[in-house]
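One-letter residues, chain by chain:
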Amino acid sequence: MDKRQVTVSFPNPALLLPILAILLLFSCTVPRHYPARQPFVYAVNIKVEGNFKSGEREDLAARLTNQLDDSLHPQIVSIFGVYRRVMYPAVFDTANVRRSVGLMVALLNASGYNNPVIKVDTPYRRDTVHVHHWFTKRHPIEYRVTVNFTVYPGKQQSLDSIGFNLTTPALQALALGHRKESLLKKGMPYSKQLMSSELDRLVALFRNNGYYSFAKEDLVIIKDTVVGALIDPNLDPFRQAALLEELKKQREHPTINVEVNQRPLRDSSHITRYTVGHVTIYPDLPIILEDTVTVSNIDTGTARNFTIISRAEKFKPWVLTRNVFIRPGDLYRQQNTIRTLNRFQQMGAWQQSTMSFVPSDSNDSVLDATLRLYPATKQFFNADFEVARNTNDIVTATNLFGINGNIGVRNRNVFKRSILSSTQLRGGVELGSDFIQTTQASISQSFSFPRLIPPGLLDILPRKWRPSEARLDSVRSVVNVNASYIDRRQFFTVRSINGSFGWEWTKKKWSYLLRPINIEYTQLDKTDSFRQYLANVPSLNLAFKSGLVMSIQGLAKYYNKYGRHSDFLSLSGESSGAIAGLISPQLDRGALWRFIKGEVDYRHHIDYRRTQLAFHAYAGVGWAYGREGSGFEQTLPFYKAFFAGGPNSMRGWQVRQLGLGSSKYYDTAGSHYDATGKLTSRTPLDRFGDVQLETNLEYRFPIGSLFGVKVLSALYVDAGNIWNRHVIVDSPNITKKAFQGSDFQFDRFYREIAVDAGTGLRFDFDWFIIRFDWAYKIKDPQRMDHSESWFYDMQLTNGQFQLGIGYPF
């Protein structure tokens with residue numbers, strides 16, 4: 001019983017939307033626990049004036065809000081944005097307003113706004129409210145104060161010229177040699193945060209080149225403006241006139257020159273270039289001990305010029321030394337320290353790691369390093385129980401109630417080599433009209449090795465493409481074996497076994513997975529009733545069969561966050577049977593699936609003050625080319641094929657109920673009529689395809705809170721569809737015309753794009769999100785009539801409800 005997407009239909013849930021709109025119209029804010037007979041802070045508003053690009057005004061207002069005095073931050077508890085409470089408001093004090101103005105001016109100055117103006121509406125708005133308590137018969141009076149700030153930031157300074165003037169020649173040479181990496185570019189807006197980030201970059205550069213003791217305090221940024229030059233009393237009149245003209249231009253486009261200087265030397269160690277001396281490793285320290293000297297029963301050894309001081313010899317020496325990138329005799333580099341600590345943290349056998357350096361007694365320019373490692377619990381057992389509801393079974397339209405149990409055992413240090421072993425046993429049933437409708441059981445075993453296997457594997461790559469294993473942030477070799485059994489009563493029995501071997505590694509913003517060996521065998525035994533079901537769907541009949549997959553799989557993921565923007569990119573591919581089919585033609589004509597498949601998934605998020613705009617695009621295509629009998633395979637196996645619909649895809653359709661293309665067959669073949677021709681029931685036919693295109697746009701925003709749970713909403717649009725590579729007909733009783741429009745064609749696919757739009761509620765429990773979405777079909781290319789019309793026959797109650805966990809993208 002696999003975890004499946006959940007699609008639930010409720011009667012007329014759209015009636016909630018107009019009710020919610022009415023409640024929002026009459027929403028109110030009520031103070032609670034306010035100071036008696038004293039004015040208190042009821043609301044604070046900040047309005048930013050000026051010309052700003054999209055989103056910049058909201059960002060600046062959010063940053064200014066954070067500068068307000070604590071007393072001007074009224075605590076608001078909201079229930080769906082309808083009923084809001086101001087809890088424990090502070091007594092209003094004009095001194096706090098003046099303090100807030102000073103803090104906001106300081107922020108604006110630090111952001112390059114030299115002459116900001118902040119106005120506060122005075123006299124302050126004071127509302128006297130007489131409140132009647134029905135139960136206590138009291139009539140207290142509230143003195144509510146609303147503070148309105150209007151901010152005029154003015155012109156923001158931009159960078160003109162950027163220079164480096166360091167008194168130490170070696171540091172000056174490094175700074176100039178890496179000038180292209182500078183964060184300071186001509187025309188960029190000036191801010192103290194940007195200046196600070198540039199100093200951090202330079203400090204990291206120097207520390208990565210041996211200057212261990214160099215600190216941020218050793219640098220200073222000198223700012224120069226035209227106004228500063230005019231103060232010079234020795235300035236000749238002609239130069240003064242030129243500067244005055246330049247000053248006039250700067251009033252419209254103010255600029256600033258910056259120069260990075262080195263402060264007077266305080267300590268010669270700050271400009272000393274260090275190399276690494278002795279390296280000592282403590283691989284198995286108890287977390288409760290801080291002084292390694294007090295550890296008893298220690299064993300001291302050496303390996304590859306490292307000194308290893310162990311309490312119980314829990315780890316092989318080479319496991320330690322090959323993952324330490326601070327090596328005796330090498331130049332000190334801060335990045336190698338960070339890489340070493342990250343590597344041990346990611347290996348799993350240790351819960352904590354630290355590294356310290358001290359000057360060597362033998363040489364003033366040598367550092368002795370000490371690596372302290374604190375092992376995690378070697379073995380642990382886990383058991384969990386879960387309940388699920390599957391409302392779109394692949395065979396019938398009945399609702400299934402699932403109960404699953406999982407038992408797992410992990411060992412973090414197999415054979416003293418930090419090899420992670422994981423054993424999982426899973427079992428469950430799905431309950432339906434026949435009580436137990438599905439029985440499922442599976443067992444899996446995996447081993448994760450903290451290095452590339454076999455050693456030297458990367459040597460087969462060309463030198464310019466060959467990454468150094470030491471330069472990777474993490475690297476693993478993973479072996480997986482699992483077997484499963486599924487008994488779907490009265491329909492089919494599936495037995496499958498899978499084995500794979502591959503590598504996983506990360507470098508900077510990219511993570512990779514490559515499985516050169518992936519073998520999956522699925523044995524499917526079908527009942528007569530299931531064969532009858534498949535007879536209605538030729539493509540599914542061809543895909544739903546026993547088969548062998550012998551594939552190579554690859555995956556690359558990229559993540560980058562810059563300012564308010566975040567990019568997520570995933571590229572994946574799989575090729576099955578390419579070599580095995582050539583070696584054995586009989587295997588090609590038998591159970592072997594031969595196909596190639598590729599997918600591209602891209603997401604872009606833009607974060608605003610309290611909202612987010614999310615964009616998603618997906619494309620996938622597969623091509624089956626193996627032999628089948630006297631012909632060729634026509635489609636992907638169903639467990640490798642594409643489908644659309646459900647809470648994480650095209651939300652206007654139930655899962656696997658969109659497609660293929662503009663074909664009408666799938667909406668009519670499952671219909672059942674009585675003797676009079678009246679429609680009595682409809683069995684939904686699942687749709688799988690070889691091609692999928694989809695794009696989504698979603699605007700997310702908060703509504704309020706309910707019992708401490710954040711309540712959010714969204715407005716979204718989905719567009720996409722699935723197609724077969726070509727029209728598939730595998731029955732003499734069905735004509736090719738019945739499947740017209742199910743194949744992908746460049747000259748018409750854009751007319752077959754389905755579109756839906758909707759809204760929903762999301763309940764954020766911090767550790768997970770429950771999502772309720774309601775979507776309408778805006779354009780349905782499978783509609784029997786008006787398939788090319790937009791907004792045809794839209795009614796308030798004919799939408800599709802979706803229940804999901806987490807965000808869809």
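Residues numbered from 1 in each chain as written. Predicted model: local features only at pLDDT ≥ 70, side-chain atom pairs only at ≥ 80, totals over all residues. Heavy atoms only, no water.

Colleague: Give me the overall build of the protein: which residues, what numbers.
Modeller: From N to C terminus, the protein includes 14 helices and 36 strands. Of all intrachain contacts in the protein linking residues separated by at least 6 positions in sequence, the fraction that spans at least 24 positions is 67%. Accessible surface, the protein as shown: approximately 42,300 Å² in total, 56% of it carbon and sulfur. (Helix = DSSP H or I, 4+ residues; strand = E, 2+ residues; numbered from the N terminus. Contact = heavy atoms within 4.5 Å. Areas by Shrake-Rupley, 256 points an atom, 1.4 Å probe, with all protein chains shown as cover.)

Colleague: Residue-level account of the pairing of strand S33 (residues 709-723), with values.
Modeller: For S33, a buried count of 12 out of 15 residues is recorded, marking the element as mostly surrounded by other parts of the structure. Hairpin connection, strand S32 (residues 691-706) to S33: the antiparallel pair is bridged by two residues, and Phe 707 has positive phi, about 55 degrees. Of the strand pairs in this sheet, S33 and strand S34 (residues 754-764) are connected by 11 bridges, and their pairing is antiparallel. When the sheet's bridge partners are listed, Leu 712 is paired in S34 with Arg 762. (Buried < 20%, exposed > 50% of the residue type's maximum accessible area, 1.4 Å probe, protein only. Pairing = 2+ DSSP bridges.)

Colleague: Give me the packing of helix H4 (residues 169-177) against helix H5 (residues 192-207): which residues, what numbers.
Modeller: Any two packed helices are characterised by how steeply their axes cross, that is the angle between the axes, and by the distance between the axes. It is at 10 Å that the axes of H4 and H5 come closest, and there the two elements cross at 115 degrees. Handedness of the H4/H5 crossing: right-handed. Within the contact between the two elements, H4 uses Leu 171, Leu 174 and Ala 175 and H5 uses Leu 202, Leu 205 and Phe 206. (Axes fitted to C-alpha atoms, helices over the stretch in contact; angles between N-to-C directions. Left-handed = near helix turned anticlockwise from the far one by under 90°.)

Colleague: Outline a nonpolar patch on the surface, supporting the account with residue identities and numerical values.
Modeller: A cluster of nonpolar side chains, Phe 381, Ile 407, Val 409, Leu 425 and Ile 443, forms an exposed patch at the surface whose accessible area comes to about 480 Å². Examined against the element boundaries, Ile 443 turns out to sit in strand S19 (residues 435-449). (Patch = residues over 30% accessible without salt bridge, like charges linked within 9 Å, V, L, I, M, F, W, Y side chains within 5 Å. Salt bridge = Lys/Arg side-chain N within 4 Å of Asp/Glu carboxyl O.)

Colleague: Account for unusual backbone geometry, with residues named and values stated.
Modeller: For the peptide bond that leads from Ile 453 to Pro 454, omega is 0 degrees, which places it in the cis range. One non-glycine residue, Ser 418, lies in positive phi territory at about 55 degrees. Here Ser 418 is to be found in the loop between strand S17 (400-414) and strand S18 (419-432). We classify Ser 418 as buried; its relative accessible area is 0%.

Colleague: Tell me what's going on with the sheet that holds strand S8 (residues 158-165), and back it up with residues and numbers.
Modeller: What the three strands build is an open sheet, ordered S8-S10-S9; its pairing is mixed. Each edge of the sheet is formed by a strand with only one pairing partner; in this case those strands are S8 and strand S9 (219-224). Along the sheet, successive strands turn relative to each other by an average axial angle of 25 degrees, direction set aside. Taken together, the six bridges between S9 and strand S10 (residues 255-262) define a ladder with antiparallel strand orientation. When the bridges of S10 are listed, Ile 222 appears paired with Glu 259.

Colleague: Now, about the nonpolar core: what can you tell me, with residues and values included?
Modeller: If you look at the biggest cluster of nonpolar residues, it comprises 33 residues, and the most contacted ones within it are Phe 492, Phe 530, Leu 540 and Phe 544. Among the elements of the structure, strand S21 (492-507), helix H10 (528-534), helix H11 (538-543), strand S27 (612-624) and helix H14 (665-668) are those that each provide at least two residues to this core. By size, the runner-up hydrophobic cluster in this structure holds 23 residues, among which are Leu 166, Leu 202, Phe 214 and Ile 221. (Core = buried A, V, L, I, M, F, W, Y, C linked by side-chain atoms within 4.5 Å.)

Colleague: I'd love a proper account of the pattern of salt bridges, names of residues and values included.
Modeller: Under the criterion given, the structure shown has 21 salt bridges. Glu 49 is paired through a salt bridge with Lys 47; the nearest N and O atoms lie 3.2 Å apart. In this structure Glu 49 comes out as partly exposed when scored by relative accessible area, which is 27%. The closest approach of N and O atoms between Arg 99 and Asp 69, which form a salt bridge, is 3.2 Å. Residue Arg 99 is found in helix H3 (residues 94-110), and its partner Asp 69 is found in the loop between helix H2 (56-66) and strand S3 (75-79); the two are separated by 30 residues along the sequence. In this structure Asp 69 comes out as buried when scored by relative accessible area, which is 15%. Among the ionic contacts, a cluster of salt bridges with common partners joins Arg 651, Glu 698, Arg 700, Asp 718, Arg 762, Arg 771 and Asp 773.

Colleague: Break down H5 for me, citing the residues and quoting the values.
Modeller: A rise of 1.5 Å per residue sets the reference length of H5, with its 16 residues, at 22 Å; its end C-alpha atoms lie 23 Å apart and thus fit the reference within 8%. What H5 keeps buried is the set Leu 194, Met 195, Glu 198, Leu 199, Arg 201, Leu 202, Val 203, Leu 205 and Phe 206. For H5, the secondary structure elements touched by its buried residues are S8, H4, S9 and S10. (Expected span 1.5 Å × (residues − 1).)

Colleague: Provide a residue-level description of the environment of Pro 516, including the pertinent values.
Modeller: Tracing the sequence through the fold places Pro 516 in strand S22 (residues 510-526). C-alpha separation for the pair Pro 516 and Gly 554, spaced 38 residues apart in sequence, amounts to 8.2 Å. Sequence-distant contacts of Pro 516, that is, excluding residues within four places in its chain, are made with Phe 501, Gly 502, Trp 503, Ser 551 and Ile 552.

Colleague: So what's going on with the packing of aromatic side chains? Residues and values would help.
Modeller: Applying the stated rule across the entire model yields 28 aromatic pairs. Plain terms: the ring middles of Phe 344 and Trp 350 are 5.1 Å apart, the flat faces sit at 85 degrees to each other, and that makes the pair edge-to-face. Accessibility classification places Phe 344 together with Trp 350 in one group, the buried group. Seen from their ring centres, Phe 746 and Phe 749 are 6.4 Å apart, and the 90 degrees between their planes marks the pair as edge-to-face. The class of Phe 746 is exposed, set by a relative accessible area of 68%. Cation over ring: Lys 545 sits above Trp 593, and NZ or CZ is 4.8 Å from the ring centre. When the ring centre of Phe 643 is taken as origin, the NZ or CZ atom of Arg 656, which lies over that ring, is 5.9 Å away. (Phe/Tyr/Trp six-rings, centres within 6.5 Å; stacked < 30°, edge-to-face > 60°. Lys NZ or Arg CZ within 6 Å of the ring centre and 35° of its normal.)

Colleague: Can you explain H2? Please cite residues and give values.
Modeller: Residues of H2 that are buried: Asp 59, Leu 60, Ala 61, Ala 62, Leu 64 and Thr 65. Those residues of H2 that are buried are in contact with strand S2 (39-48), H3, strand S7 (141-152) and strand S26 (595-607).

Colleague: Go over the side chain of Asp 368 with me, naming the residues and quoting the values.
Modeller: Tracing the chain through its elements places Asp 368 in strand S15 (residues 366-375). Buried and unpaired, Asp 368 has no salt bridge, with Arg 372 as the nearest side chain of opposite charge at 12 Å. Here His 278 takes part through its backbone nitrogen, which lies 3.0 Å from a polar atom of the side chain of Asp 368. (Lys, Arg positive; Asp, Glu negative; His and termini not counted. Polar contact = N/O pair within 3.5 Å; in protein donor to acceptor, adjacent residues only side chain to side chain.)

Colleague: Mind laying out the confidence of the model for the protein, listing which residues take part and the relevant values?
Modeller: Residue-level pLDDT values for the protein average 81, and 77% of them are 70 or greater. The model gives residues 290-296 a pLDDT under 50, and that stretch makes seven contacts with residues more than four places away or in other chains. Predicted confidence for residues 389-401 stays below pLDDT 50, and this span has 51 contacts to residues more than four positions away or in other chains. (pLDDT = per-residue confidence, 0-100.)

Colleague: Before we move on, could you go through the environment of Ala 376 and cite the residues and values that matter?
Modeller: Following the sequence through the fold, Ala 376 ends up in the loop between S15 and strand S16 (379-390). Between the C-alpha atoms of Ala 376 and Gln 352, which are 24 residues apart in sequence, the distance is 8.0 Å. In this structure Ala 376 touches Gly 348, Ala 349, Trp 350, Gln 351 and Arg 412, once residues within four positions along its chain are discounted.

Colleague: Lay out a positive patch on the surface with the relevant residues and their values.
Modeller: On the surface, Arg 311, Lys 314, Lys 316, Lys 378, Lys 416 and Arg 417 cluster together into a patch of positive charge. By relative accessible area, which is 40% here, Lys 416 ends up partly exposed. (Charge placed at Lys NZ, Arg CZ, Asp CG, Glu CD.)

Colleague: Tell me about the side chain of Ser 446, and name the residues and values.
Modeller: The topology assignment puts Ser 446 in strand S19. Taking relative accessible area as the criterion, Ser 446 reaches 18% and is therefore assigned buried.

Colleague: Describe the packing of H2 against H3, and please don't skip the residues or the numbers.
Modeller: Between H2 and H3, the shortest axis-to-axis distance is 9 Å and the interhelical angle comes to 135 degrees. By the criterion of interaxial angle, the relationship of H2 to H3 is oblique. Crossing handedness for the pair H2 and H3: right-handed. Across from Leu 60, Arg 63 and Leu 64 in H2, the residues of H3 making contact are Met 104, Leu 107 and Leu 108. In terms of residue class, the contact of H2 with H3 is made up of five nonpolar, no polar and one charged. (Parallel < 35°, antiparallel > 145°, perpendicular 65-115°, else oblique. Nonpolar A, V, L, I, M, F, W, Y, C, P; charged D, E, K, R; others polar.)

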